[in-house]
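# Structural description and commentary
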Number of protein chains: 2
Amino acid sequence: MIISTTQIPKNIRYQIRNNEITTHTSELAPGYVQANVVILPKNAAFDFLLFCQRNPKPCPVLEVLDVGSYFTNYTADKADLRYDVPKYRLYEYGEIQEETNNLEKHWKKDFVTFLLGCSFTFDSALISAGIEIRNVAEGKNIPMFVTNIPTSPAGIFSGPTVVSMRPIPKDKIVRAVQVTSRFPGVHGSPIQIGDSEKIGIKDVFKPDFGDPTDILADEVPVFWACGVTPQAVAMEAKLPFMITHSPGHMFVTDLKDEDLAII
Amino acid sequence: MIISTTQIPKNIRYQIRNNEITTHTSELAPGYVQANVVILPKNAAFDFLLFCQRNPKPCPVLEVLDVGSYFTNYTADKADLRYDVPKYRLYEYGEIQEETNNLEKHWKKDFVTFLLGCSFTFDSALISAGIEIRNVAEGKNIPMFVTNIPTSPAGIFSGPTVVSMRPIPKDKIVRAVQVTSRFPGVHGSPIQIGDSEKIGIKDVFKPDFGDPTDILADEVPVFWACGVTPQAVAMEAKLPFMITHSPGHMFVTDLKDEDLAII
């Protein structure tokens, strides 16, 4: 795949920083990893990192910045997390207060920034393996469900696992398991195949978040742990102050999808 | 493999707790995962967990206990970390003060206990794949070297990567890479094959820790990240107080080796 220079992550981040890109990032920098963003005060950071360690499927950690730092070291070369995300959400006690396109006025010395794996990488790998991702093909958001599977709590953080659902043709389930097992850094293998009731989903056509999706006669619903889980859990903890990216407006890293493959 | 009831981890931990077992654990509970132990005060725990997150090859986290808790939840069913390790080392400002067989007198409410993967699992998998592990066959300790490969620092923790060396026959290197790649929870794939000088090792027959090992004509030295790294880094941080297991006297978990295999 030949990538035009305007699709190089560094250039995209530069345009985001200068407000030349303010949209969601799903079509940008194909082949590069995008990340969920959670920014918390230091006094909640150990609990949140421990929550991620105990729940690696919904909360795969790509990078945690040093306390107070807004510069990345591992996922991107000196990106600035105050500016390099197209839209941020600011919360107080679990309630959204505002959306903003930079954190210049809001940054505090005790902030700790978490970058977590996002399923865009995942979907690319499935599509490359010849498995259509329905919501991508239809240009819709993926259907997501709150399950009855508890996360492993850590300190102030606890709550149910949120999953995303992709309808997979029966004869491609094995391949879908194989392909996604290679990417534990972006949720890894499925956590349920075919039995939505078993994980507490009453109606597979009525998602809690995102858009509903048809399931054809030769398909079964397959469920993967979802990056909404850590955000939901962080909101539920009702911290005095917290920041996340705005849904779909991700942080574009320098990592290539294949960099996250385990073998 | 049939395991006698005396070799079940729970029973071994019971004997350790009652001082009926006070020796090193290398021959005990074959097929079950053993863990390195590091116990630190809460004010250093975020930095240490972040250090492990940034350096997963030398520091694979199996479980972190809740602040102040001595009971495991994930790696073993309610083991008690005050008693269930045969020998502990107590450090002040990076210097060993004493060895003890329980922490009853020493436990503090702000302790955070880290259990990290150990290469015993690893060696079993290699041996099962028909690859002789020289030091195991000879009943010696594995040779370990301080390299010129820096770890990724986190807060107060930094230092060089320590590696272990196993001589591998040239025609079994591919298999050794494959087998160990399945176990990122116990250091994963090698970090260097054959070129000891490249990673700053002057004399491959003079290890910094452990015992020297012959390298036969058809073999090359293969290097894996080593669990001594986090201990060395934690000692170097010269914390006012820290506890580890005594070398070879590991925590025996309920996890089976295969539970740590990624695929």
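The structure this text deals with has already been given above.
Residues numbered from 1 in each chain as written. Chains lettered and ligands numbered in written order. Predicted model: local features only at pLDDT ≥ 70, side-chain atom pairs only at ≥ 80, totals over all residues. Heavy atoms only, no water.

### A short note on the overall build of chain A
Selection rule: Secondary structure counts use DSSP, requiring at least four H or I residues in a row for a helix and at least two E residues in a row for a strand, with both numbered from the N terminus. Each residue is assigned to one of three classes by its accessible area relative to the maximum for its type, calculated with a 1.4 Å probe on protein chains only: buried under 20%, partly exposed between the two thresholds, exposed over 50%. Any two residues whose heavy atoms approach within 4.5 Å are treated as being in contact. All accessibility values rest on the Shrake-Rupley procedure with a 1.4 Å probe; residue burial counts only the protein chains present in the view.
Summing up its helical and strand segments, chain A has six helices and 11 strands in all. If one aligns the C-alpha atoms of chain A with their principal axes, the spans along those axes are about 55 × 45 × 35 Å. A total of 263 residues make up chain A; the buried ones form 54% of that total. Within chain A, residue pairs in contact and separated by at least 24 positions form 76% of the contacts whose partners lie at least 6 positions apart. Summed over its atoms, the accessible surface of chain A is roughly 11,500 Å², and 52% of this surface lies on carbon and sulfur atoms.

### Topic: helix α6 (residues 228-236) of chain B
Residue and element names in this part refer to chain B. The set of residues buried in α6 consists of Thr-229, Pro-230, Gln-231, Val-233 and Ala-234. Looking at the buried residues of α6, the elements they touch are β1 (32-41), α2 (45-54), β3 (88-92), β5 (111-117), β7 (160-169) and β10 (242-245). Count one or two residues on from α6 and you reach Lys-238, which has phi positive near 50°.

### Let's talk about the nonpolar core
If you look at soluble globular proteins, the nonpolar side chains tend to sit buried side by side. Under the convention used in this document: Take the buried residues of types Ala, Val, Leu, Ile, Met, Phe, Trp, Tyr and Cys, join any two whose side-chain atoms come within 4.5 Å, and each joined set is a nonpolar core.
Ranked by size, the top nonpolar core spans 45 residues in total, and within it Phe114(A), Phe157(A), Phe114(B) and Phe157(B) carry the most contacts. Broken down by secondary-structure element, the contributors of at least two residues to this core are β1 (32-41), α2 (42-54), β5 (111-117) and α6 (228-236) of chain A together with β1, α2, β5 and α6 of chain B. Looking at which element gives the most residues to this core, the answer is α2(A), with eight residues.

### Topic: the relation of the copies chain B and chain A
Note the following rule: A least-squares fit on C-alpha atoms brings the copies together, and the residues used are those whose pLDDT is at least 70 in both copies.
Mapping chain B onto chain A is achieved by rotating through 180° and translating by 0.0 Å along the same axis, at an RMSD of 0.0 Å. Viewed as a symmetry operation, the transformation between the two copies matches a two-fold axis. In terms of C-alpha distance to the rotation axis, chain B has Phe46(B) as its closest residue, with the C-alpha 2.4 Å off the axis. Interface overlap between copies is the fraction of interface residues in one copy that are interface residues in the other; for chain B against chain A it reaches 100%, indicating a shared surface.

### A look at the interface of chain B and chain A
Using the following cut-off: Note: buried area is the sum, over both parts, of the accessible area (probe 1.4 Å) each one loses when the two are combined. When residues are sorted by character, Ala, Val, Leu, Ile, Met, Phe, Trp, Tyr, Cys and Pro go into the nonpolar class, Asp, Glu, Lys and Arg into the charged class, and all the rest, Gly among them, into the polar class.
Taken together, the contacts link 21 residues of chain B with 21 residues of chain A. Each partner contributes to the roughly 1,700 Å² buried at the junction of chain B and chain A, and carbon and sulfur atoms together form 65% of this total. Contributing elements (two or more residues each) for the side of chain B that touches chain A: α2 and β2 (61-64) of chain B. Residues belonging to the side of chain B that touches chain A are distributed by class as follows: 14 nonpolar, three polar and four charged.

### Some points on the pattern of salt bridges
Convention followed: A pairing counts as a salt bridge when a side-chain nitrogen of Lys or Arg comes within 4 Å of a carboxyl oxygen of Asp or Glu.
On inspection of all chains with the given rule, the structure shows 22 salt bridges over all chains. The shortest N-O distance in the salt bridge between Glu138(A) and Lys140(A) comes to 3.2 Å. Under the relative-accessibility criterion, Glu138(A) is labelled partly exposed at 37%. Between Asp254(B) and Arg13(B) there is a salt bridge whose closest N-O contact spans 2.8 Å. Placement of the pair is Asp254(B) in strand β11 (residues 251-256) and Arg13(B) in helix α1 (residues 9-17), with a sequence separation of 241 residues. Look at Asp254(B) and you get partly exposed, because its relative accessible area is 28%. Counted as one network, the salt bridges with shared partners bring together Lys87(A), Arg89(A) and Glu99(A).

### A closer look at the environment of Glu236(A)
Residue and element names in this part refer to chain A. Within the secondary structure layout, Glu-236 lies in helix α6. Look at Glu-236 and you get exposed, because its relative accessible area is 53%. Distance from Glu-236 to Ile-156, taken between C-alpha atoms, is 9.3 Å for residues 80 residues apart in sequence.

### Section: the sheet that holds strand β8 (residues 192-193) of chain A
All names here are of chain A. Short version of the rule: If DSSP finds at least two bridges between two strands, the strands pair.
The strand order β6-β7-β9-β8 describes an open sheet built from four strands, whose pairing is antiparallel. Edge strands, defined here as strands with exactly one partner in the open sheet, are β6 (144-150) and β8. As paired strands, strand β7 (residues 160-169) and strand β9 (residues 219-225) are joined by seven bridges and run antiparallel to one another. Looking at β9, one finds that Pro-169 is bridged to Glu-219.

### Considerations on the packing of helix α3 (residues 120-128) of chain A against helix α5 (residues 173-181) of chain A
Residue and element names in this part refer to chain A. Rules: To obtain an axis, a line is fitted to C-alpha atoms, over the contacting stretch when the element is a helix, and the angle between two such axes runs from 0 to 180 degrees between their N-to-C directions. Orientation labels follow simple angle bins: below 35 degrees gives roughly parallel, above 145 gives roughly antiparallel, 65 to 115 gives roughly perpendicular, and whatever is left gives oblique. Less than a right angle of anticlockwise turn of the near helix away from the far helix marks a crossing as left-handed, whereas a clockwise turn marks it as right-handed.
At a minimum axis distance of 9 Å, the contact between α3 and α5 shows a crossing angle of 135°. Judged by the angle between their axes, α3 and α5 are oblique. The way α3 lies across α5 gives a crossing that is right-handed. Here Phe-122, Ala-125 and Leu-126 of α3 come into contact with α5, specifically with Ala-176, Val-179 and Thr-180.

### Points about the state of the cysteines
As a reminder, the rule being used: Pairs of cysteine sulfur atoms within 2.5 Å are identified as disulfides in what follows.
Within the structure shown, the criterion is met by zero disulfides over all chains. Lacking any disulfide linkage, Cys226(A) is separated from the closest cysteine sulfur, that of Cys118(A), by 9.3 Å.

### Some points on the packing of α2(A) against α2(B)
The geometry of α2(A) relative to α2(B) is characterised by a closest axis approach of 10 Å and an angle of 40° between their N-to-C directions. Our classification of the angle between α2(A) and α2(B) gives oblique. The handedness of the crossing between α2(A) and α2(B) is left-handed. Across from Lys42(A), Ala45(A), Phe46(A), Leu49(A), Leu50(A) and Gln53(A) in α2(A), the residues of α2(B) making contact are Ala45(B), Phe46(B), Leu49(B), Leu50(B) and Gln53(B). Each residue belonging to the contact of α2(A) with α2(B) can be placed in one class, and the counts come to eight nonpolar, two polar and one charged.

### A closer look at unusual backbone geometry
Residues and elements named next belong to chain B. One non-glycine residue, Ala-29, lies in positive phi territory at about 50°. Among the structural elements, Ala-29 can be located in the loop between α1 and β1. Despite not being glycine, Lys-78 shows a phi value in the positive range, around 50°. Examined against the element boundaries, Lys-78 turns out to sit in the loop between β2 and β3.

### Points about the packing of aromatic side chains
How we decide: Think of it this way: a Phe, Tyr or Trp ring, Trp meaning its six-membered ring, pairs with another when their centres are within 6.5 Å, and the plane angle makes it stacked under 30 degrees, edge-to-face over 60, tilted otherwise. Whether a charge sits over a ring depends on NZ of Lys or CZ of Arg being within 6 Å of the ring centre and within 35 degrees of the ring normal.
Summed over all chains, the structure comprises 18 aromatic pairs over all chains. Taking the centre distance of 5.2 Å and the plane angle of 70° together, the rings of Phe48(A) and Phe157(A) count as edge-to-face. Here Phe48(A), found in helix α2, pairs with Phe157(A), found in the loop between β6 and β7; they are 109 residues apart in sequence, far enough to count as distant. In this structure, Phe48(A) and Phe157(A) share a single accessibility class: buried. Measuring from ring centre to ring centre gives 5.4 Å for Phe122(A) and Trp224(A), while their planes differ by 90°; the resulting arrangement is edge-to-face. Residue Phe122(A) is located in helix α3, and its partner Trp224(A) is located in strand β9; the two are separated by 102 residues in the primary sequence. Taken as a pair, Phe122(A) and Trp224(A) share a single burial class, namely buried. Three or more aromatic residues joined by ring pairs form one cluster here, namely Tyr70(A), Phe71(A), Trp107(A), Phe111(A) and Phe241(A). The ring of Phe241(A) is capped by Lys108(A), whose NZ or CZ atom sits 4.7 Å from the centre of that ring. Sitting over the face of the ring of Tyr70(B), Arg82(B) holds its NZ or CZ atom 3.5 Å from the ring centroid.

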